[in-house]
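Take a look at the letters that make up each chain.
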Amino acid sequence: MLFLIALIAALVGGLIAGLKIPLFLLPMLSISKIKNKNDIFLILFVIYALTIGYEFEVASIYGLDPIKTFSILIPSLLLLDAGLRSREEEFNRMQFAAFVVFFIIGWFLRPIFVIAAFGAFILYFSNSTRRGAFITIFSIFLLIVGVIIGESTLNMEGGTATQVVFISALSTLIALVFFWKRVERIEFVPLEWLRYKL
Amino acid sequence: MKREDVLLLLVILLFVQGYLFNSAFPAILAAAILFYLVHLRVEFVPRIEFNREINPTLKDGKRAKAKLKVRNQGHKEFKIHIFENLPKGFETDAPLLFLNAAEERDVEYSIKPVRGFFRIKDPMVRVVDLQDLYYNDFMPELGSEKEIEVYPNLDKIREESEIGEALNFKEAYRTLFGLQTPELDSLREFQSGDEMRHIDWKATMRLRKRIVKDFIKENEGGVYIILDAGKEMRKGIKRSKIDFATTLALQLAYALRKYPLGMIVYDDFEVKRTEAAKGKGVEQVERIAALLNIGTTYSSLLGIKLPMSDTGFKLKEESRSFISKILPAIKGKRSSATGLVEAVSILPSTDFLIFISDITSNTGELIKILLELRGRYRILLLAPNPILFYDEESLDRETLIWLYRRYKERANVIRKLNGIVPTYDLGPSDLLETIRRRGALE
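Because the structure is a prediction, the values reported are computed rather than measured. (Residues numbered from 1 in each chain as written. Chains lettered and ligands numbered in written order. Predicted model: local features only at pLDDT ≥ 70, side-chain atom pairs only at ≥ 80, totals over all residues. Heavy atoms only, no water.)

The next subject is the overall build of chain B. When helices and strands are counted, chain B shows 13 helices and 21 strands. By the burial criterion, 52% of the 442 residues in chain B qualify as buried. When contacts within chain B are restricted to residue pairs at least 6 apart in sequence, long-range pairs at least 24 apart make up 73% of them. (Helix = DSSP H or I, 4+ residues; strand = E, 2+ residues; numbered from the N terminus. Buried < 20%, exposed > 50% of the residue type's maximum accessible area, 1.4 Å probe, protein only. Contact = heavy atoms within 4.5 Å.)

Encoded structure:
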């Protein structure tokens, strides 16, 4: 159910932002998920994210359209999480119908779409631990504070590249604080299934 | 490359894309994915407790239930993989499950054991996050070792014996059951190995299945199976002669369940186990089955001695005779009598003896004993041929030539033994064809 909600959100969000190529990739993402080929999904998502970056332009973070930006950003994260999840949640018809109705209304009344997408986002991560939720919110908060503090330096004509460098540097530094924790990581083997077919 | 690395690569690509395309959105998306990964990493704190219960007495080839009690002490739902570290030859279908936060569950799965005595540890449990990015392995505790004994599976043997196909062993089987009298005993359903001329066609037409006549047999006395469990019989890589011999012994025991049946198991030095021929029926077969938890001693060669080079070290006849006398004493045995001599010495009066033995290890002694016994007992000698148990993969030219020589030598020994008692040279497919096809010995 979560994947379906994410898929519809990505579709409507893409239409709101006027995207083309990413929308054509959505059926392939769905097939890879249905076929349970998680590593193929990961590759397709990389392409999907890069095509969004190619098509959707934001000249300056200080002048961005929050409705359009969140219409793409939140559904993309939902899609990534739902695609990676190895266990589907039980299908709740009422919940699903409510989200679909809000997404369709949101096509015409865009703030409603963003609110509905944000609602789905909270539903997705509702089982997070306090620690996990706090650290994520704190990281986002630090980035926003950094961007606000640096406005005088970053908000100038032709300063997009500087803004990108600033965001990447700050977010990488914040992430590195939490990346010290050693965990075993799962191998990426996208074509393992082919070995048995050939 | 790891799955997480793909996402980190995407993050870097998005940063670069944003810089080159003069667009802030790729950088925002990259930061969002990065924080998503931070979130998953921080959330992945697995804490698991587990303990497996398994019956300490199992039957060979019969799936036994193992119960694993798993408790998720973490605050998140996790995916749990169970990896059993079982002895060679064991099979398992350890499952995959999802465990909610603070949930405790009993997971049942099956283990298919092979005969022998083993110490097994608890399984390794792998905890994976729901996004399949991170995992943590939980190893079994040091004191989790449990002892299990695996006995031969009588049910499987019984089932296969009843529905088996044409058997190479038919001739021996007939000898075993004794000469039949012309007097009709009963009618029964046709089984493989039955002669076509004994089919009762009238009953077959009436019941629409093949029915054969059973005649009263003259052999109504007790039967003893004398099984050699010496070193030569137990050596093996994948399967040893003892695997075959114990299964064969059990098949014979089941086939002869109507007669008082006993068993003696001996090794190179002494008698290891005995079951007197006091009872009959399936209960007696069960008791005999309990004597047969004899495992394989894994070695580089399969149940046969290494070829000796012509220039190799050889002992003089006197020296060899001297060593054969003192060796048992060195190995802790009081007298020079071997296990076979001891086994024969405790034989009560009975009608029929079935020896299952490796005839190459103590041929001279075996011949002497058979000559001694043949006047008093009806005897059948079944000899698993080590050459037929040889691992095909390890064959080379030299070994092949050596095997051929051994084969010829063995043929001579068999001919000699056949002059004394009926002797059958058996390979792994004899009698066990159908059982092996069904995977009972895999």
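Of the regular secondary structure elements, chain A holds ten helices and one strand. The helix and strand sequence of chain A, counted from the amino end, reads α-α-α-α-α-α-α-α-α-β-α. Counting every position in chain A, which comprises 198 residues, the buried fraction comes to 47%. Across chain A, contacts joining residues at least 24 apart in sequence account for 78% of those joining residues at least 6 apart. When the accessible surface of chain A is summed, it comes to about 10,800 Å², and 71% of that surface belongs to carbon and sulfur atoms. (Areas by Shrake-Rupley, 256 points an atom, 1.4 Å probe, with all protein chains shown as cover.)

We now examine helix H3 (residues 38–55) of chain A. In this model H3(A) runs 25 Å from its N-terminal to its C-terminal C-alpha over 18 residues, within 8% of the 26 Å that 1.5 Å per residue would give. Residues of H3(A) that are buried include every one of A:Asn38, A:Asp39, A:Phe41, A:Leu42, A:Leu44, A:Phe45, A:Val46, A:Tyr48, A:Ala49, A:Thr51, A:Ile52 and A:Gly53, and no others. (Expected span 1.5 Å × (residues − 1).)

Looking now at the nonpolar core. Counting 108 residues, the largest nonpolar core has A:Phe45, A:Tyr48, A:Leu79, A:Phe103 and B:Ile33 as the members making the most contacts within it. With 15 residues, the single largest contributor to this core is helix H2 (residues 25–43) of chain B. One finds B:Ala229, B:Ala253, B:Leu256 and B:Met263 within the second-largest nonpolar core, a separate group that totals 31 residues. (Core = buried A, V, L, I, M, F, W, Y, C linked by side-chain atoms within 4.5 Å.)

On the chain A side, the residues contacting the 51 residues of chain B number 59 residues. In total, chain B and chain A occlude about 5,400 Å² of area from one another, counting both sides; carbon and sulfur atoms represent 68% of this. For chain B, the biggest contributors to the area lost against chain A are B:Arg3, B:Phe25 and B:Phe35; these three give 15% of the whole. One can count four salt bridges joining chain B with chain A. Ionic pairing is found between B:Asp5 and A:Arg185, a salt bridge with its closest N-O pair at 2.6 Å. Scanning the region where chain B abuts chain A turns up 18 residue pairs in polar contact (both at pLDDT 80 or more). (Buried area = accessible area lost by both parts, 1.4 Å probe. Salt bridge = Lys/Arg side-chain N within 4 Å of Asp/Glu carboxyl O. Polar contact = N/O pair within 3.5 Å; in protein donor to acceptor, adjacent residues only side chain to side chain.)

Residue and element names in this part refer to chain B. Buried residues dominate strand E14 (residues 223–228), accounting for six of its six residues. Where burial is concerned, the two faces of E14 agree: the one with Val223, Ile225 and Leu227 and the one with Tyr224, Ile226 and Asp228 are both buried. Pairing geometry for E14 and strand E16 (residues 261–266), over six bridges, is parallel. Among the inter-strand pairings, leucine 227 is bridged to a residue of E16, identified as valine 265. Inspection of the sheet shows E14 paired to strand E19 (residues 352–356) by five bridges, in the parallel sense. Pairing of valine 223 across the sheet is with phenylalanine 352, part of E19. (Pairing = 2+ DSSP bridges.)

Here we take up unusual backbone geometry. Residue and element names in this part refer to chain B. In this structure, aspartate 132 takes a positive phi of about 60 degrees despite not being glycine. Relative to the elements of secondary structure, aspartate 132 occurs in the loop between strand E9 (124–128) and strand E10 (134–138). For arginine 208, which is not glycine, the phi dihedral falls at a positive 60 degrees. Assignment of secondary structure puts arginine 208 in the loop between helix H5 (201–207) and strand E13 (211–217).

Right, let's get into the sheet that holds E10(B). Spatially, five strands are ordered E1(A)-E10(B)-E9(B)-E4(B)-E6(B) in an open sheet, and the strand pairing comes out antiparallel. Either end of the sheet is taken by a strand with one partner, and the two such strands are strand E1 (184–185) of chain A together with strand E6 (96–99) of chain B. When E1(A) meets E10(B), the two strands line up antiparallel, connected through two bridges. If you follow A:Arg185 over to E10(B), its bridge partner there is B:Tyr134.

Moving on, we come to the sheet that holds strand E11 (residues 146–151) of chain B. All names here are of chain B. Strand order in the open sheet made by the three strands is E2-E11-E8, with mixed pairing throughout. Both edges of this open sheet fall to strand E2 (57–59) and strand E8 (116–120), since each of them pairs with a single strand only. Direction aside, the axes of adjacent strands within the sheet are offset by 30 degrees on average. As judged from the three bridges shared by E2 and E11, these two strands associate in the parallel manner. Along E11, the bridge assignment pairs lysine 59 with tyrosine 151. (Axes fitted to C-alpha atoms, helices over the stretch in contact; angles between N-to-C directions.)

Turning to the side chain of A:Asp81, a few remarks are in order. Position of A:Asp81 relative to the elements: it lies in helix H4 (residues 66–84). Here A:Arg85 takes part through its side chain, which lies 2.7 Å from a polar atom of the side chain of A:Asp81. A distance of 2.4 Å separates the side chain of A:Asp81 from the side chain of B:Tyr36, its partner in a polar contact.

Here we take up the pattern of salt bridges. This structure, assessed with the given rule, holds 18 salt bridges over all chains. Here A:Glu184 ties to A:Arg182 by a salt bridge, and the two come within 2.9 Å at their closest N and O atoms. Judged by its relative accessible area of 31%, A:Glu184 falls in the partly exposed class. A relative accessible area of 69% means that A:Arg182 is categorised as exposed. The salt bridge partner of B:Arg52 is B:Glu84, with a shortest N-O separation of 2.5 Å. Here the residue B:Arg52 occupies a position in strand E1 (residues 48–54), and B:Glu84 occupies one in the loop between strand E4 (78–83) and strand E5 (91–92), the gap between them amounting to 32 residues. Judged by its relative accessible area of 15%, B:Glu84 is buried.

A separate point is the packing of aromatic side chains. Each aromatic ring pair is described using two quantities: the centre-to-centre distance and the angle formed by the ring planes. This structure, assessed with the given rule, holds 15 aromatic pairs over all chains. Pairing A:Trp107 with A:Phe108 gives two aromatic rings, centres 6.2 Å apart and planes at 25 degrees, and the pair type is stacked. Under the relative-accessibility criterion, A:Trp107 is labelled partly exposed at 41%. Where B:Phe44 meets B:Phe78, the ring centres are 5.6 Å apart and the plane angle is 90 degrees; that geometry is what we call edge-to-face. Note that B:Phe44 is positioned in the loop between H2 and E1 and B:Phe78 in strand E4, a separation of 34 residues in sequence. You'll find B:Phe44 and B:Phe78 in the same group, each marked buried. (Phe/Tyr/Trp six-rings, centres within 6.5 Å; stacked < 30°, edge-to-face > 60°.)

All names here are of chain A. One way to put it is that helix H7 (residues 130–149) packs onto helix H9 (residues 160–178) with a least axis distance of 10 Å and a crossing angle of 150 degrees. With respect to each other, H7 and H9 are oriented roughly antiparallel. In the packing of H7 onto H9, the handedness of the crossing is right-handed. Contacts between H7 and H9 involve Ile135, Ser139, Leu142, Leu143, Gly146 and Val147 from the first element and Phe166, Ile167, Leu170, Ser171, Ile174 and Phe178 from the second. (Parallel < 35°, antiparallel > 145°, perpendicular 65-115°, else oblique. Left-handed = near helix turned anticlockwise from the far one by under 90°.)

Moving on: the environment of B:Phe98. Mapped onto the elements, B:Phe98 comes out in strand E6. Residues B:Phe98 and B:Asn72 lie 26 residues apart in sequence; the distance between their C-alpha atoms is 9.9 Å. Once residues lying within four places of it in the same chain are set aside, the contact partners of B:Phe98 are A:Ser86, A:Arg87, B:Glu77, B:Phe78, B:Lys79, B:Glu103, B:Arg105 and B:Leu130.

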